Amino acid sequence: MKILISADMEGATGVTWPADVLPGTPQWERCRSMFTSDVNAAALGFYEGGADEVLVNEAHWSMRNLLLEHMDERVQMLTGKHKSLSMVEGIQHGDVDAVAFVGYHTGAGAEGVLAHTYLANSITGVWLNGIRASEGLLNAHVAAEYGVPVVLVTGDDLTCVDAEGYAPGARKVAVKDHVSRYAAVCRTPARTAADIRAAAKAATALAGRRAPVTGKTFTVELEFDAEHLAAAATVVPGVAPSGERRVAYTSATMYEGIRTFKAVTTIVSAAVEEQYG
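A brief report on the enclosed structure follows. Keep in mind it's a predicted model, so treat the numbers as computed, not measured. (Residues numbered from 1 in each chain as written. Predicted model: local features only at pLDDT ≥ 70, side-chain atom pairs only at ≥ 80, totals over all residues. Heavy atoms only, no water.)

When its secondary structure is counted, the protein chain shows six helices and 12 strands. The C-alpha radius of gyration computed for the protein chain amounts to 18 Å, which stays within 12% of the reference 19 Å derived for 277 residues, consistent with globular compactness. With the C-alpha coordinates aligned to their principal axes, the bounding extent of the protein chain is approximately 50 × 45 × 30 Å. When each of the 277 residues of the protein chain is scored for burial, the buried share is 56%. In the protein chain, 67% of the contacts between residues at least 6 apart in sequence involve partners at least 24 apart. On the protein chain, roughly 11400 Å² of surface is accessible, and the fraction owed to carbon and sulfur atoms is 52%. Measuring between centres, the 23 positive side-chain charges of the protein chain sit 3 Å from its 32 negative side-chain charges. (Helix = DSSP H or I, 4+ residues; strand = E, 2+ residues; numbered from the N terminus. Rg over C-alpha atoms; globule rule 2.2 N^0.38 Å. Buried < 20%, exposed > 50% of the residue type's maximum accessible area, 1.4 Å probe, protein only. Contact = heavy atoms within 4.5 Å. Areas by Shrake-Rupley, 256 points an atom, 1.4 Å probe, with all protein chains shown as cover. Lys, Arg positive; Asp, Glu negative; His and termini not counted. Charge placed at Lys NZ, Arg CZ, Asp CG, Glu CD.)

In terms of burial, strand β4 (residues 98–102) is a largely internal element, five of the five residues being buried. Alternating residues of β4 divide into A98, A100 and V102 and V99 and F101, and every residue in both groups is buried. Of the strand pairs in this sheet, strand β1 (residues 2–7) and β4 are connected by five bridges, and their pairing is parallel. By the bridge assignment for β4, A7 is matched with V102. The sheet contact formed by β4 and strand β7 (residues 150–156) spans three bridges and is parallel. The residue of β7 that forms the bridge with F101 is V153. (Pairing = 2+ DSSP bridges.)

Turning to the pairing of strand β8 (residues 171–180), a few remarks are in order. Of the strand pairs in this sheet, β7 and β8 are connected by five bridges, and their pairing is parallel. Looking at the pairing, T154 lines up with V173 of β8. For the handedness criterion, the β-α-β arrangement of β7, helix α3 (residues 157–166) and β8 is classed as right-handed. The pairing of β8 with strand β9 (residues 183–186) spans four bridges and is classified as antiparallel. (Right-handed = clockwise from strand over helix to strand, strands pointing away.)

Right, let's get into the layout of surface pockets. With a probe scaled to a water molecule rolled over the atoms, the places where space remains empty come into view. There is about 680 Å³ of room inside the largest pocket. If you go around the largest pocket, you meet 25 residues; those closest to its centre are W61, K81, Y118, L119 and K262. By residue number, the principal contributor to the lining of the largest pocket is helix α6 (residues 254–270), which donates four residues. Residue composition of the lining of the largest pocket, grouped by class: eight nonpolar, 11 polar and six charged. Of the volumes computed, that of the second largest pocket is approximately 340 Å³. A140, A144, V148, P149 and Y166 are the residues nearest the centre of the second largest pocket, which is lined by 21 residues in total. At the level of elements, α2 (135–145) and β7 are the ones that each hand at least two residues to the lining of the second largest pocket. (1 Å grid on protein atoms, 1.4 Å probe; cavity = no way out; pocket = protein on both sides within 12 Å on 5 of 7 lines; lining within 4 Å. Points joined across faces, edges and corners; volume = space filled by probe spheres on them. Nonpolar A, V, L, I, M, F, W, Y, C, P; charged D, E, K, R; others polar.)

In this section: the sheet that holds strand β12 (residues 246–251). Within a sheet, adjacent strands bond to each other through the backbone by hydrogen bonds, running parallel or antiparallel. With antiparallel pairing, the five strands of this open sheet are ordered in space as β6-β5-β10-β12-β11. Only two strands of the sheet have a single neighbouring strand rather than two, namely β6 (131–132) and β11 (240–243). Taken together, the three bridges between β11 and β12 define a ladder with antiparallel strand orientation. From the neighbouring strand, A240 faces β12, where its bridge partner is A248. Where α2 meets the sheet, its contacts fall on β5 (123–128), β6 and β10 (218–224), and the angle it forms with β5 comes to roughly 30°. (Axes fitted to C-alpha atoms, helices over the stretch in contact; angles between N-to-C directions.)

Right, here's the structure in full:
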């Protein structure tokens, strides 16, 4: 049994504001250990539940945040940027039996600690087939296309509520309770590690490949905080204006959909000016 852990940082234990997750800051250095603790706890739980292999895919910012030297020796970690499926890289090879979303968060325009979708700012909303989309929702549809169930989600309490919409059967662990976008009531690393480990162990029973979900089309709409960003996004083939500060595109598969999404966000981030956005 092989489990993939997609590891993001905004939903990690103790993380509540931008400096906690921005590489190079003193706060990021401090929070890396708590992020690593969450991910390692999930891996340990999966091993205790019967997993033979755990692959951790770093999914935050530079994708070089976790402390490999503090992980269980059985874990393998995929680290670094420029991966075909970004946050769920590794799911496409046909050997993954389940995926866990550890350290996840709510989407752009929603309530939640450090809520956003791919870009920290600039994007004010994302909708997938008319439903407001978090990174978890987008990635869950990619996973479903490969027949891989989402069995565990960790983050703040609102992330767990969000996950009920895309992975109702998955185990959920709230490591903190939302107060505002930059504040939360946080549990200690010792407590969250125990909670995540227990949930992962139980979640292993949910693992097992499903029939791939096919035959759907996916319409993704993005809203930006400035009109010039919407114009920049239309450089990507198939992406067209859909409203004020909005663009949309339709993909025959979520594999294509998430790759187009990545192309749009890459171009848009390059079009953001330092002072005026």
